[in-house]
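So the chains spell out like this:
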Amino acid sequence: MIDVIDLTKKYGNLTVLDGITETIREGERIVVIGPSGSGKSTFLRCLNCMEDPTSGSIMFEGADLTDMKVDINYHRQRMGMVFQQFNLFNNKTVLQNITLAPLHVGLKKIKGKEARAKFRAEVEANAHRLLQRIGLDDWADKYPSTLSGGQKQRVAIIRALAMNPKVILFDEPTSALDPEMVGEVLDLIKQLADEGMTMVIVTHEMGFAREVGTRVFFMDQGHIMEQGTPEEVFDHPQAPRLKEFLSKVI
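Residues numbered from 1 in each chain as written. Predicted model: local features only at pLDDT ≥ 70, side-chain atom pairs only at ≥ 80, totals over all residues. Heavy atoms only, no water.

Trainee: How would you explain the sheet that holds strand E5 (residues 63–64) if you had to name every residue and give the values?
Mentor: A sheet is described by the order of its strands in space; here 4 strands give the open sequence E2-E1-E4-E5, paired in antiparallel fashion. Each having just a single partner strand, strand E2 (14–24) and E5 make up the two edges of the open sheet. Pairing of strand E4 (residues 55–60) with E5 involves 2 bridges; the strand directions are antiparallel. Counted as the bridge partner of methionine 59 is aspartate 64 from E5. (Pairing = 2+ DSSP bridges. Helix = DSSP H or I, 4+ residues; strand = E, 2+ residues; numbered from the N terminus.)

What follows is the structure, given as C-alpha cells:
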C-alpha cells in the first residue's frame, strides 16, 4: 500500500530521517517505537506529506505523494490521521467535527438540492453510527471542551474513520492522556486492528505495541535500526541500541 523510497528529511544541517526505504502492505499494523528525537513522528508525518520530505519518494497506491503534480488532498482523503493532541475543532460540536470533512469533500460532487440534502443526511447518520460504536452518541451536540481526554481521542479516531480511509496514521495517540484514560483509546484501536485496518502507529506503549503490531520498527537517529515481528523485536532483539532501549522502558 505504501512504498517509502530513500526518504530523507533535513531541517537545516540537522538530518532527522536518513534514507529510509520500507514497504507497508495492506492489512499490516506497523508500530514505530524508539527514543524521543529518533524521527518517529517526522516519519509518520512524511507519509502523508504533512512534512515535506527533503528527498525520496512516498508511493501510496501507485501515486508518488512527493510529486508536485499529484493532488495530495485527494490521497489524504484515504489516509486518516490521529494526532497526539486530538486537534478537534473547539468551535464545532462533536457531530460537526465528524461530518465536516466528508461533507466538504462529498458535496462538491453533488448537484441538486434534494441530492445534497440526502447526502448530508447519510453522512450524519454514519456519524451517529460511529458515535454509537464508542458510546458517545448522546454527546453529539456537545462541544469538545466538555469531553475528557479519552473521549476526545476516541472522537478523533472515528472522525478519521468517517472518511473510510485505506490506512490510519496514529501519532502517539495516548501520550496526552491521563493513565486511566489510555485503556479506552487503546481498546478502540485494537478493535480496528481486529477488523483489518491498515495502521501505522507511533507509540510509547510497549505492551500495546506487542499486542497489536504485526511488525515493529525500532527507530533511532533517523534510521530504522531494527524491525520484525513483536516477538522478534521484544524477545530477541539484535541491535545493541535496541537492547539498551528495551532495558530502560520494559
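Trainee: With reference to specific residues and values, describe the nonpolar core.
Mentor: By size, the foremost hydrophobic cluster in this structure holds 36 residues, and its most contacted members are Leu131, Val155 and Phe170. Every element with two or more residues in this core is listed here: helix H3 (94–106), helix H4 (113–133), helix H5 (149–161), strand E7 (167–171), helix H6 (179–194), strand E8 (198–202) and helix H7 (206–212). Counting residues per element, this core draws most heavily on H6, which supplies 8 residues. If you look at the next biggest cluster of nonpolar residues, it comprises 28 residues, including Leu47, Ile72, Phe217 and Met219. (Core = buried A, V, L, I, M, F, W, Y, C linked by side-chain atoms within 4.5 Å. Buried < 20%, exposed > 50% of the residue type's maximum accessible area, 1.4 Å probe, protein only.)

Trainee: Describe the pairing of strand E6 (residues 79–82), and please don't skip the residues or the numbers.
Mentor: Residues Met79 and Met81 of E6 are buried on one face, and the alternating residues Gly80 and Val82, pointing to the opposite face, are buried as well. When E6 meets E7, the two strands line up parallel, connected through 4 bridges. When the bridges of E7 are listed, methionine 79 appears paired with valine 167.

Trainee: Give a description of the layout of surface pockets that names residues and reports values.
Mentor: Here the largest pocket defines a volume of roughly 740 Å³. As for the largest pocket, its lining consists of 24 residues, and the residues nearest its centre are Arg76, Gln77, Met79, Ala101 and Met163. Only helix H2 (72–76), E6, H3 and H5 provide two or more residues apiece to the lining of the largest pocket. If one sorts the elements of the lining of the largest pocket by residue count, H3 sits on top with 5 residues. Looking at side-chain class alone, the lining of the largest pocket contains 13 nonpolar, 7 polar and 4 charged residues. The computed volume of the second largest pocket comes to approximately 270 Å³. Taken together, 13 residues make up the lining of the second largest pocket; nearest its centre are Pro102, Val105, Ala162, Met163 and Asn164. Where the lining of the second largest pocket is concerned, the elements lending two or more residues are H3 and H4. Partitioned by chemical class, the residues of the lining of the second largest pocket number 7 nonpolar, 4 polar and 2 charged. (1 Å grid on protein atoms, 1.4 Å probe; cavity = no way out; pocket = protein on both sides within 12 Å on 5 of 7 lines; lining within 4 Å. Points joined across faces, edges and corners; volume = space filled by probe spheres on them. Nonpolar A, V, L, I, M, F, W, Y, C, P; charged D, E, K, R; others polar.)

Trainee: Go over H4, please, and point to the residues and values.
Mentor: Between its first and last C-alpha, H4 extends 31 Å over 21 residues, near the 30 Å set by a 1.5 Å rise per residue. All of the buried residues in H4 are Phe119, Val123, Ala127, Leu130 and Leu131. For H4, the buried positions fall inside an angular range of 115° around the axis, keeping them on one side. The exposed residues of H4 that point more than 90 degrees off its buried face are Glu114, Lys118 and Gln132. Those residues of H4 hidden inside the fold are in contact with H3 and H5. One or two positions beyond H4, positive phi appears at glycine 135, with a value near 70°. (Expected span 1.5 Å × (residues − 1). Arc of directions from axis to C-beta. Contact = heavy atoms within 4.5 Å.)

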